[in-house]
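Here are the chains, one letter per residue:
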Amino acid sequence: MSSTVGQVIKCKAAVAWEAGKPLVMEEVEVAPPQKMEVRLKILFTSLCHTDLYFWEAKAQDSVFPRILGHEAAGIVESVGEGVTELAPGDHVLPVFTGECKECAHCKSEESNMCSLLRINTDRGVMINDGQTRFSINGKPIYHFVGTSTFSEYTVVHVGCVAKINPLAPLDKVCVLSCGISTGLGATLNVAKPKKGSSVAIFGLGAVGLGAAEGARLAGASRIIGVDLNSGRFEEAKKFGVTEFVNPKDHKKPVQEVIAEMTDGGVDRSVECTGNVNAMISAFECVHDGWGVAVLVGVPHKDAEFKTHPMNLLNERTLKGTFFGNYKPRSDLPSVVELYMNKELELEKFITHEVPFNEINKAFELMLKGEGLRYPAFKSCSGIIEKDGERLELEKKRMKFRAIAF
Amino acid sequence: MSATAGQVIRCKAAVAWEAGKPLVIEEVEVEPPQKMEVRLKILFTSLCHTDVCFWEAKGQTALFPRIYGHEAGGIVESVGEGVTDLQPGDHVLPVFTGECKECHHCKSSESNMCSLLRINTDRGVMISDGKTRFSKNGQPIYHFLGTSTFSEYTVTHVGCVAKINPAAPLDKVCLLSCGIATGLGATLNVAKPTKGSTVAIFGLGAVGLAAAEGARISGASRIIGVDLNANRFNEAKKFGVTEFVNPKDYDKPVQQVIAEMTDGGVDRSLECTGNVNLMISAFECVHDGWGVAVLVGVPNKDDAFKTHPINLLNERTLKGTFFGNYKPRSDIPSVVEKYMNKELELDKFITHQVSFSEINKAFDLMLGGQGLRCIIHMEN
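Computed from a predicted model, the values in this text were never measured in an experiment.

Peer 1: Looking at this structure, how should I read the overall build of chain A?
Peer 2: Each helix and strand counted, chain A has eleven helices and 20 strands in total. For 405 residues, the compact-globule formula gives about 22 Å, and the C-alpha radius of gyration of chain A, at 21 Å, lands near that figure. Here the C-alpha coordinates of chain A stretch approximately 65 × 45 × 35 Å along the principal axes. Within chain A, counting contacts between residues at least 6 apart in sequence, those at least 24 apart form 72% of the total. Accessible surface, chain A: about 15200 Å² in total, of which carbon and sulfur atoms supply 51%.

Below, the structure written as structure tokens:
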């Protein structure tokens, strides 16, 4: 056990004091882990749209001050009472959704939506005692999605930690604890395209490119990328995308364009923007008889998916996924192995690196593509929507950034 | 070869001269089968809602005079040029949707929506030459769904005929050429409930009860029947239904009622009414994480299925099926075998029997909401 076991740790954390304001590097106190909790030393973390969305806190009540961050990799510093599966020194990925292994969801082969530990964006405290483990001069600082990885040390429930191969480079595999896995799993676990099949991917941000990577791994013969930003196509080729459709270039609905390109429709589609019209297009562009559409991107509160029921009676299947249907503890380690045996490529997702004290640069880079012209942030992934209109993103939009401690 | 091969046959048919008017038993002429066609002697037929729907012809282009009927069992009388899969004397079920075995759909292991022969409710002629094989005094009489089984003899495309075990009683297995197979397949091929799972069935008519039968055969532990007509509940028990929900008995939406009865939702649901609101209920009543809803009933033209996308992101699956996803020629014979080896029960679907001359009684029964299936005997 390390010398900090059982003690409060004083360390640096990037604290969000107010919605939308730059994070402030503070010295925080991190209490030791309680029952079924673990304390992690975070070595690398990255920014995901979901952090940005809840930091901006536009359409919802968000708690402040808060430590955001949920895509990360680190090492176990100490474990709380009752924890047997992890030990100090283990290499891990904290995950924003957990796996208790006891509930009906965890016991089901199909679901990854643990009844106890599934994602909760409202909660800012630990389940055990309803308190936070972070504080500054006695003032509590709230957690975020049970991870709070914008801190040198954090405390999480043991069910939210995936133990991985200690040889895996943490600065690369940290990206598997959210966005990339979400897209990858949407394709590999849910859409399941067969070798030689055709796949359409809506939205070529990190999640969409994770989905395309999954289609590439599955041996799809055609991967059609759909995005309003033509600037993304060149980059997308690295991820296996073979053709590109920009809905703005066509008068007819994009599902018709895709159906014409593919003799009736694609075999599989994966929707990674969260825009409800794109969801409908993604569904209606799959082939009747056997097509499957998978919805990934998270919509806004009042979205309504609408289609004529004939489209279902014609033997199209509509599915949705959460975190790529991966069970965090059971499945993520094997995704890390996909990378270790060189099937899955991760380096291409990483476009920038910054030191921890420059974390606000990561926010700026992610926001830059949208700029100040897009205040109404309806979607937390991919395509940004303002008042129902789709707006183009700047060509050099950053897909990803990694923050090193 | 039969004695009538190559000749026009004069026989009785129940002709619909006008929308919604009783059928008239007429003597009609039935041409011999052309290339890739077969002529069948129909022995038993039954009435399905789809016949009634198009006979009433409300809100769609009507084609009259027409010979309806698409659920039937018969024997091959003669075959046209190029037909090698069937010969005179074969016992068959004509099917309203076909299987050419050549197109992408037929070659796919998943689809049964043949590009050439899939259901076409508008067409009243044969594909080969665009003409009808039925006439009366030179006046053409239109086909329906490529089957037209309300006739002692009919001509169909060979791709629309399933060759079955000659020992199977045609007066029972005729039901497998539409409604019962549709419901059964929706469960066995599409919803695929695992042993011990929970299933909700919306609509307890023939299709819904067949879906329930499929759930029973699969070993479902709970089969919850949903219907506005409480009178249907007692009958439904024979088909494995274990509990009943009448939406009219509750103030809250039926999907909530079902979710409460099942600790979050059923594992599988099947929607067999065609009512779009029930489709939405059927989808929203399945459990998050693993639930699958299958839509079976055919909706109205302008219906819209609507749900909040989060219901999909929460890992519910929504599917639809056509003819239970059975490929007519490849799969229906094995469904007949399920009946022959007593896994599948069919007799309980048959509530009435009439002779061909009394065919209009079958329409009256269906319009009155009575019974499940009425078998029409073509021969006296």
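Peer 1: What is the right way to look at the packing of helix H1 (residues 49-56) of chain A against helix H11 (residues 359-368) of chain A in this model?
Peer 2: For any two helices packed against each other, one specifies the inter-axial angle together with the distance between the axes. Residue and element names in this part refer to chain A. Running from N to C, H1 and H11 cross one another at 95 degrees; their axes reach a closest spacing of 11 Å. Considering their axes alone, H1 and H11 lie roughly perpendicular with respect to each other. Where H1 abuts H11, its residues His 49, Leu 52, Trp 55 and Glu 56 lie against Phe 363, Met 366 and Leu 367.

Peer 1: Would you mind showing me how to read the UniProt feature "domain: Alcohol dehydrogenase-like N-terminal" (unreviewed entry) in chain B here?
Peer 2: Those residues carrying the UniProt feature "domain: Alcohol dehydrogenase-like N-terminal" (unreviewed entry) are residues 36-164 of chain B in this numbering. Taken end to end, residues 36-164 of chain B is 9% helix and 29% strand, and its two terminal C-alpha atoms sit 19 Å from one another.

Peer 1: Please clarify how the sheet that holds strand S2 (residues 24-30) of chain A should be interpreted in this entry.
Peer 2: Whether parallel or antiparallel, the strands of a sheet pair through hydrogen bonds between backbone atoms. All names here are of chain A. Here four strands make up an open sheet; going across it, the order is S1-S2-S6-S7 and the pairing antiparallel. At either end of the open sheet lies a strand with only one pairing partner, and these are strand S1 (9-15) and strand S7 (139-141). In this sheet, neighbouring strand axes are inclined to one another by 50 degrees on average, regardless of whether the strands run parallel or antiparallel. Of the strand pairs in this sheet, strand S6 (residues 134-136) and S7 are connected by three bridges, and their pairing is antiparallel. Within the sheet, the bridge partner assigned to Ile 136 lies in S7 and is Lys 139.

Peer 1: Even after reading the chapter, I still don't get the interface of chain A and chain B, so can you show me in this structure?
Peer 2: It is common to give the size of an interface as the accessible area lost on bringing the parts into contact. The interface is formed by 45 residues belonging to chain A together with 42 residues belonging to chain B. Summing the contributions of chain A and of chain B, the shared interface buries around 3100 Å²; its carbon and sulfur component is 59%. Area buried by chain A at its contact with chain B is led by Trp 290, Leu 313 and Glu 315 of chain A, which between them contribute 21% of it. We note a salt bridge from Arg 118 of chain A to Asp 288 of chain B, for which the minimum N-O separation is 3.1 Å. Our enumeration of links across chain A and chain B arrives at 18 residue pairs in polar contact (both at pLDDT 80 or more). For the side of chain A that touches chain B, the secondary-structure elements that each account for two or more residues are helix H2 (104-107), helix H8 (276-284), strand S15 (305-307), helix H9 (310-313) and strand S16 (317-320) of chain A. Per-element accounting of the side of chain A that touches chain B gives the leading share, four residues, to S16 of chain A. Bridge count for S15 of chain A against strand S15 (residues 305-307) of chain B is three bridges, and the pairing is antiparallel. Along S15 of chain B, the bridge assignment pairs Thr 307 of chain A with Phe 305 of chain B.

Peer 1: Could you clarify how one ought to interpret helix H7 (residues 254-261) of chain B in this entry?
Peer 2: Note on helix geometry: an α-helix contains 3.6 residues per turn, so any two residues three or four positions apart are oriented the same way. All names here are of chain B. Restricting attention to buried positions, one finds in H7 the residues Val 254, Gln 255, Val 257, Ile 258 and Ala 259. Tucked inside the fold, the buried residues of H7 contact strand S10 (198-202), strand S11 (222-226), strand S12 (243-245) and helix H8 (276-284). Downstream of H7 by a residue or two, Asp 263 has a phi angle that is positive, lying close to 55 degrees.

Peer 1: Even after reading the chapter, I still don't get the pairing of S1 of chain A, so can you show me in this structure?
Peer 2: Regular strands place side chains that alternate from one sheet face to the opposite one. All names here are of chain A. For S1, the buried fraction is high: five of the seven residues fall into the buried class. The pairing of S1 with S2 spans seven bridges and is classified as antiparallel. Pairing of Lys 10 across the sheet is with Glu 29, part of S2.

Peer 1: What is the right way to look at the sheet that holds strand S1 (residues 9-15) of chain B in this model?
Peer 2: Residue and element names in this part refer to chain B. Read from one edge of the open sheet, four strands run S1-S2-S6-S7, paired in antiparallel fashion. Two strands lie at the open edges of the sheet, namely S1 and strand S7 (139-141), each paired on one side alone. Within the sheet, the average angular offset between the axes of one strand and its neighbour, ignoring direction, is 50 degrees. By the bridge criterion, seven bridges tie S1 to strand S2 (residues 24-30) in an arrangement that is antiparallel. When the sheet's bridge partners are listed, Lys 12 is paired in S2 with Glu 27.

Peer 1: Mind showing me how you'd approach the UniProt feature "domain: Alcohol dehydrogenase-like C-terminal" (unreviewed entry) in chain B here?
Peer 2: Per the UniProt record, "domain: Alcohol dehydrogenase-like C-terminal" (unreviewed entry) is found at residues 206-337 of chain B. Measuring from the first to the last C-alpha atom of residues 206-337 of chain B gives 20 Å, for a span that is 36% helix and 17% strand.

Peer 1: I keep staring at H1 of chain A and nothing clicks. Help me out?
Peer 2: Residues and elements named next belong to chain A. With respect to burial, H1 is a largely interior element, eight of its eight residues being buried. Buried residues in H1 make contact with strand S3 (37-46) and H11. In the stretch just after H1, Ala 57 is the one whose phi turns positive, near 50 degrees.

Peer 1: What am I meant to see in the confidence of the model for chain B here?
Peer 2: When pLDDT drops low, the exact placement of atoms in the prediction is not to be read closely. When pLDDT is averaged across chain B, the result is 96; 99% of the residues are at 70 or more. Across the interfaces of the predicted complex, the ipTM metric reaches 0.91, alongside a pTM of 0.90.

Peer 1: Looking at this structure, how should I read the environment of Ala 206 of chain A?
Peer 2: Residue and element names in this part refer to chain A. By the element assignment, Ala 206 lies in helix H5 (residues 206-217). Assessed through its relative accessible area of 16%, Ala 206 is described here as buried. Ala 206 sits 100 residues away from Cys 106 along the chain, and the two C-alpha atoms are 27 Å apart.

Peer 1: Just to check I follow, could you spell out the packing of helix H4 (residues 179-191) of chain A against H5 of chain A for this structure?
Peer 2: Residues and elements named next belong to chain A. One can describe the packing of H4 onto H5 by two numbers: an axis separation of 7 Å at closest approach and a directional angle of 40 degrees. Classified by the interaxial angle, the pair formed by H4 and H5 is oblique. Our pair here, H4 against H5, has a crossing hand that is right-handed. Of the residues in H5, those in contact with Gly 179, Ile 180, Thr 182, Gly 183, Leu 184, Thr 187 and Leu 188 of H4 are Ala 206, Val 207, Gly 210, Ala 211, Glu 213, Gly 214, Ala 215 and Leu 217. Of the residues contributing to the contact of H4 with H5, the split by class is eight nonpolar, six polar and one charged.

Peer 1: When you look at the nonpolar core in this model, what are you seeing that I'm missing?
Peer 2: Note that soluble globular proteins tend to have their nonpolar side chains buried in a common cluster. Counting residues in hydrophobic clusters, the biggest one holds 100 residues, and the most contacted among them are Phe 150, Val 173, Leu 176, Ile 201 and Leu 270 of chain B. By size, the runner-up hydrophobic cluster in this structure holds 83 residues, among which are Phe 54, Ala 212, Phe 323 and Ile 359 of chain A.

Peer 1: Any chance you could explain the pattern of salt bridges here in plain terms?
Peer 2: Side chains carrying opposite charge are able to pair once their charged atoms draw close together. Considering all chains together, one arrives at 42 salt bridges over all chains under this definition. Glu 18 of chain B is the salt-bridge partner of Lys 21 of chain B, the closest N and O atoms lying 3.5 Å from each other. You can call Lys 21 of chain B partly exposed: its relative accessible area is 43%. One salt-bridge network, held together by shared partners, links Glu 213, Arg 216, Glu 345 and Lys 348 of chain A.

Peer 1: Just to check I follow, could you spell out the packing of aromatic side chains for this structure?
Peer 2: One pair of aromatic rings is described through two measures. These are the centre distance and the angle between the planes. Summed over all chains, the structure comprises 20 aromatic pairs over all chains. Measuring from centroid to centroid gives 5.4 Å for Tyr 53 of chain A and Phe 54 of chain A, while their planes differ by 85 degrees, and the two rings are edge-to-face. Using a relative accessible area of 16% as the deciding quantity, one classes Tyr 53 of chain A as buried. Where Phe 283 of chain A meets Phe 305 of chain A, the ring centres are 6.0 Å apart and the plane angle is 65 degrees; that geometry is what we call edge-to-face. Taken together, the positions of Phe 283 of chain A in helix H8 and Phe 305 of chain A in strand S15 put the pair 22 residues apart, joining distant regions of the chain. Classification of Phe 283 of chain A as buried rests on a relative accessible area of 0%. Taken together, the aromatic side chains of Phe 54, Phe 64, Tyr 68 and Phe 144 of chain B make up a single cluster linked through ring pairs. The ring of Phe 239 of chain A carries Lys 348 of chain A above its face, with NZ or CZ at 5.0 Å from the centroid. Seen from the ring of Phe 239 of chain B, Lys 348 of chain B lies directly overhead, with NZ or CZ sitting 5.0 Å from the centre.

Thresholds, definitions, all that
- Residues numbered from 1 in each chain as written.
- Chains lettered and ligands numbered in written order.
- Predicted model: local features only at pLDDT ≥ 70, side-chain atom pairs only at ≥ 80, totals over all residues.
- Heavy atoms only, no water.
- Helix = DSSP H or I, 4+ residues; strand = E, 2+ residues; numbered from the N terminus.
- Rg over C-alpha atoms; globule rule 2.2 N^0.38 Å.
- Contact = heavy atoms within 4.5 Å.
- Areas by Shrake-Rupley, 256 points an atom, 1.4 Å probe, with all protein chains shown as cover.
- Axes fitted to C-alpha atoms, helices over the stretch in contact; angles between N-to-C directions.
- Parallel < 35°, antiparallel > 145°, perpendicular 65-115°, else oblique.
- UniProt positions renumbered as here; feature names shortened; annotations may be inferred.
- Pairing = 2+ DSSP bridges.
- Buried area = accessible area lost by both parts, 1.4 Å probe.
- Salt bridge = Lys/Arg side-chain N within 4 Å of Asp/Glu carboxyl O.
- Polar contact = N/O pair within 3.5 Å; in protein donor to acceptor, adjacent residues only side chain to side chain.
- Buried < 20%, exposed > 50% of the residue type's maximum accessible area, 1.4 Å probe, protein only.
- pLDDT = per-residue confidence, 0-100.
- Left-handed = near helix turned anticlockwise from the far one by under 90°.
- Nonpolar A, V, L, I, M, F, W, Y, C, P; charged D, E, K, R; others polar.
- Core = buried A, V, L, I, M, F, W, Y, C linked by side-chain atoms within 4.5 Å.
- Phe/Tyr/Trp six-rings, centres within 6.5 Å; stacked < 30°, edge-to-face > 60°.
- Lys NZ or Arg CZ within 6 Å of the ring centre and 35° of its normal.

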